[in-house]
Every structure is written in structure tokens, then in C-alpha cells.
Number of protein chains: 2
Amino acid sequence: MTAHARIPSSKEQAPHNDVVLSCRVRMARNIAGFSFANRASPAQSQEILNLTKPVLLSNEIAQGMIWVDLNQSTVKDRRLLFERHLISKHLAESEHRRAVAISGDESLSVMVNEEDHLRMQILAPGFQLADIYQRLNTVDDRIESRVDYSFSPRWGYLTACPTNVGTGIRFSVMMHLPALKMTNEIERVRRAAKDLHLAVRGYYGEGSESAGDFYQISNQVTLGRTEEELLAEFQEVIVPQIIQYEHQARKILAERSAPVLDDRIHRALSILRSARLLGAEEAMKLLSRVRLGAYTGRLKGVNLDAVTELFLLVQPGHLKLQAGGADLSPEELRETRANIVRQRLAS
Amino acid sequence: MTAHARIPSSKEQAPHNDVVLSCRVRMARNIAGFSFANRASPAQSQEILNLTKPVLLSNEIAQGMIWVDLNQSTVKDRRLLFERHLISKHLAESEHRRAVAISGDESLSVMVNEEDHLRMQILAPGFQLADIYQRLNTVDDRIESRVDYSFSPRWGYLTACPTNVGTGIRFSVMMHLPALKMTNEIERVRRAAKDLHLAVRGYYGEGSESAGDFYQISNQVTLGRTEEELLAEFQEVIVPQIIQYEHQARKILAERSAPVLDDRIHRALSILRSARLLGAEEAMKLLSRVRLGAYTGRLKGVNLDAVTELFLLVQPGHLKLQAGGADLSPEELRETRANIVRQRLAS
């Protein structure tokens, strides 16, 4: 990770991205003959790194793979990787010997010695789970051709936490549900998700708040079903249903509360374009409303790519990067955030 | 009062109006031989009206005096007169026989059968108490030449409430003190005012809140001092001192908290220019910040006349007038208010 982090390119055209910001497939794998990461000795952890590094850096896995030794990296760099959803908070803060391998386009990342020896994920804009599942499957096969996974004919892939045993797979979508939030129907969605054994998390996964009306929805059961069954249910039934709920809520808001809706989205854009001090939480909330306004056609002249980018750029790690890596006081952070947002959203 | 209320003309050039919105001199007078208004019978009250009407409508008093019989007027019209500071809340809501005489330019108004038989006032933009005191003195003399005031050689002018006995005069200024409010020094000003026997009230006088950081400051003692002494103290000492405090506070804010100050004033203007729903209190607060920004030169391109006008136009009575006199629901009021503000402040 250098000081010249790549900014994601246009996501405006990604499928269903009026409601689905991004989607992700993650697989948990362990190497046979080693203790799970939390039980492994430092020597064993190092051995896992040595074993997997050449495999993950191979061109067979993806173009331009790089290896980031997290024990050699700075807190700032780990913060950036976390904000970009390339490593988990757990891996960022872990004391173990650990690393992450990242593809040149940042779509693929493989965490080494997180909860499992390998946690590989592909992240893509919009809703295209089937495509990225195919890609990750290929990556998985290529790794498996060179390392020996812990696998039980009866249970499937063995993982450190029983909830991942079986397929070890997790599908997740980052959904933007501002209308369901405004109409207070988000709690119904939460309850329905729970009944379907889905997890609903915030913008930064486990334990994080639903900043900016973003909800990460993922499957929790990985045992006793095939990957294809899980994918089909997620791709064909669950996510389309939530997309439809959000569309309905947007329609109802537009029909019954147009002034309230317009008031919120126009104020949001104006504040973002004029504030001189801006907190992260407020920025996310306002960007969320602008995103809603732009996708529903009620706000004209908004650069949606800039909005998407800003959800990342307003995070503290990225702000510091923009400020040349300087340590910023809380007030300077708020000022820098406001300046960047004003620049990017200038009409 | 017709449905075509005149909007005050340019006040931008009035003296010291970066801090003093307007000033007012009021005199309380009673007619000899009649009970005070609260003790008068309906017949006596009517007699006061009959007696004073021709006097007050004379061209000697002021150009284009009109007479509004408040017992014949609608609640809406009384609300408009109140919002324009031409009658008090007490007179608007009283059950007595009552009226108000108003000059063509609305600078002079004489309430009949308020707490006293006559409550005459001149209201002017900015800080020009000495001028308007001279004018009101002339009006008072001309009335006195035609009616017999209750006067005691020992006590002076007699009034219904002892606090007004003596000169019966009240000087007041409507001060805009946003910087003293932001720096929390407004309480020190309040305490100092109390020590000087001054009253500090809100935007609509007694019992009203200090909406939009406006504070009405007036003398409370009218006994044992001449009008000229009271005026000199008010004009030369008290008000200039508060103006100076506010100027200091603005300077300190600009030096020590420029980002906070700029954030507030730029957000305020942007919200006023974009909101689709706007409450009265929020509108006053935001207009106050824009006024501060414009007078301190930090906000460019703001039409200050429009801002001054909007403090009046955002009041419920004036909004209804703008909407053709229709009865508006609370939401319609907020919508109409936002529309008018957006129009008037369009960049």
C-alpha cells in the first residue's frame, strides 16, 4: 500500500447499483497439517505465510498480485486497507504473523492468518454475485492445486469457527436502503433476514453501525447446502426481494411525502457543497441522501461517481492520505473532509 | 390592513444596522377624566375611540394616517399587524373596544385602549433614536394640543401601570447579537443590562424568545428622570457599549474560530437556498447567521434587503398573506416558507 492509493473507477453502470453498492464472495480455507490460526505458534504462522506467498503471487491467481506483510506495515496503511474493505478489522489489529495478497485492481484479496489460514474474497460494484462467485471458484481451484486444504468428506471444508464449516463460503451484498430506513420498515427487513438466517451488519461489517443507510447482508449457514444452492437463493430470491422492498419504499415516499423527501435530499447536497467542517458520520448520512436523490432522478447534476468515491474518501485513513499522510487533529480532519467533499461535488 | 401589505423598503443603509436592526420610541398617555383602559366601561372605551380618532387621523400627526378598528378586523389582519410590530400581542387579543392608527409609511402607530388609552410609537431601521424621539415628541405635542392628558405636576404623566408613570417613555432597540450568543457572552450582557435596569426581551417583546439572536433592549425606569436624560444614556452609553461588545465578539470569532464561523454561515445560506420545508424558528436562526455572514463580509452575493424582509415574510401571518390568505396546514406553512425563502435568496 503506497501513498498513491488507486481510487475505484466508475461504478455508475454496475447492475442494480441504485440499491446494491457492492457485492462480495468470501471463502474460508485452511491448510492441512497446521493448527488453526488462533492456535498456531509463531513459527507455524510464519510457515503458512512462507507456503502461501508464492502461490498467491502467481499470475495464475490474478494480474499484478501484491503481498503486504502486515507486521511490517504502519497503522496508517492497515487503516487504509481496512477502509477499502481489503482486510478485516480483526486482521488489521491482530498480533499474529499475518499478510494480505491483493490483485492489481483490488477486486481480489486473500488474507493470510486471519481467523482461517486463508480468507479470500472478491469484491465488485453493484449486484453480480454469480460472476464473482465463478471467478473466486477459479482462484480457489488454482490455490487448491498447489496447497493441501483441510477437508473432511463428511463435513466439507474445515474452518476455525463452526459456522463456516462446510462450504466455507459467504455471499454478501452492501445494500443502500435509505427509503426503508425513512419509512421505518428497515426493522421488518431485519426480522425477515433473521428468520432466513441472514446476518445484517453495518458498513464495516461485524459490530459496525449502519452508517449512511448501508446494510451488509450475508448468509450465515454454510453447512449442509451446496455453494450453488446458497448462491441461487441469495442471488435469485433474497436480494431481489430486498431490492423490490426498497423500490416500493422509494415509490411510496415519492407519492406520499415528496416535500419531505425533496427537502432532505436538496438540503443534503447543499450542505455537502457548503460545509466548512464535516464529521464522518454526518458526511455518510448526507452522501446517502444525495445518492438516493440522484438515483431517483430528483437531484440533477450530481456526479454519482464522485459520490461513490466520497464514501471512501471521507474515511479518516483516506483523509490523512489526501493530506499527505500528516497526522490531523479532529478539527483538521473535519476541515479536510469538508474541503474534499466541496471540491468533488462542486456544481 | 389590506391583503396588499407594503414590504419595508431598503434598510441596508440605516445607521449601525450591522448590529441594530431597528429602534423604537414609545410613549404611554391617558386622557384626563376617564378610567384607565382596563377599568373603563365599554361606553367609556368607545368614547375614547370617538375622541381620539379625528385627532389621530389629522394630517398634522403624519401623512396618510389610517384607522383600523380592531373589533371589526379579522384575526388574520391582527396577526399581520402584530408581526409588523404595529400592535402588541395584548392589543391583538384584547376583548375591549380598541383600535390602532397607523401612518402611511407604517413608521408611526398609535394603539388606542391598550394598557393605556394611547400608546404611540415610532419604529425606524437601524440606530437613530434621537431622530425618532424628536419626531414622536412633535406627534405627542400635537395630540396634547387637542386632548387633555392625565398629568400630575408631582408624578408626571399618569399611566395604568406604575412602571410607566413619569415620562411614560420607553426607548428600545432590536439588537442582532449572534456573536455574543455564539461566544456565550450574551448572559453577561443580560446581567449587565439587569444592573442598569434595562429589560432584555425577544423578537416579539415581552415573554417572547430571542428568535434569530435578536434581543430587544429597553429602559424600564421612567420616573424621576427626564426624557432627555434617559435618551442620552441609552443613545450615547448603553447601546454603543453593546454594539462594541458584539463587534469584539465578531472579531474574536473570526480570529479564533474562523472555520466554525464559516461553516455555520455557509451552511445557513445553502440550507435557506435549498430547503423544501422550513420551520419559523429554524428560518430565523439561519437568516440570523446569513445576516452575520453578510455584514462581516464573509458571505458574498447576499441581498441584505431580502434577508431583512424575510425576517418578516417567514412569520405565519405574512406567509398566509403571500398564499392569497388561504388557511395553511402546518406542513403547507413550512412548504410555503421554504419556497418564498428560496425565491428571495436565489443566487
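Residues numbered from 1 in each chain as written. Chains lettered and ligands numbered in written order. Predicted model: local features only at pLDDT ≥ 70, side-chain atom pairs only at ≥ 80, totals over all residues. Heavy atoms only, no water.

Draft legend 1. Here's a closer look at the interface of chain A and chain B. If you look at the interface, chain A gives 16 residues, while chain B gives 16 residues. With both sides pooled, the region where chain A packs onto chain B buries about 1400 Å², and carbon together with sulfur makes up 57% of that total. Counting the surface chain A buries against chain B, the share from its top three residues, Pro259, Arg267 and Arg276 of chain A, is 38%. Taken together, chain A and chain B are joined by two salt bridges. A salt bridge links arginine 267 of chain A to glutamate 282 of chain B; the shortest N-O distance between them is 2.8 Å. Between chain A and chain B we count ten residue pairs in polar contact (both at pLDDT 80 or more) in total. Taken together, the elements giving at least two residues each to the side of chain A that touches chain B come down to helix 8 (258-274) and helix 12 (330-345) of chain A. (Contact = heavy atoms within 4.5 Å. Buried area = accessible area lost by both parts, 1.4 Å probe. Salt bridge = Lys/Arg side-chain N within 4 Å of Asp/Glu carboxyl O. Polar contact = N/O pair within 3.5 Å; in protein donor to acceptor, adjacent residues only side chain to side chain. Helix = DSSP H or I, 4+ residues; strand = E, 2+ residues; numbered from the N terminus.)

Draft legend 2. How the structure looks around the sheet that holds strand 4 (residues 108-112) of chain B. Residue and element names in this part refer to chain B. Read from one edge to the other, the open sheet built from eight strands follows the order 2-3-4-5-1-8-10-9, with strand pairing classed as antiparallel. Every interior strand has two partners, whereas the edge strands, strand 2 (66-69) and strand 9 (198-201), have only one. Averaged over neighbouring strand pairs, the angle between their axes works out to 20° when direction is ignored. Across four bridges, the pairing between strand 2 and strand 3 (residues 99-102) is antiparallel. (Pairing = 2+ DSSP bridges. Axes fitted to C-alpha atoms, helices over the stretch in contact; angles between N-to-C directions.)

Draft legend 3. Region of interest: the relation of the copies chain A and chain B. The two copies are related by a screw operation: chain A maps onto chain B through 180° of rotation and 0.1 Å of translation along the axis, at an RMSD of 0.0 Å. Taken together, these values place the two copies in the relation of a two-fold axis. Using C-alpha coordinates, one finds that chain A approaches the rotation axis most closely at serine 270 of chain A, a distance of 2.7 Å. Comparing interface residues between copies, 100% of those in chain A also lie at the interface in chain B; the contact surface is shared. (Least-squares fit on C-alpha atoms with pLDDT ≥ 70 in both.)

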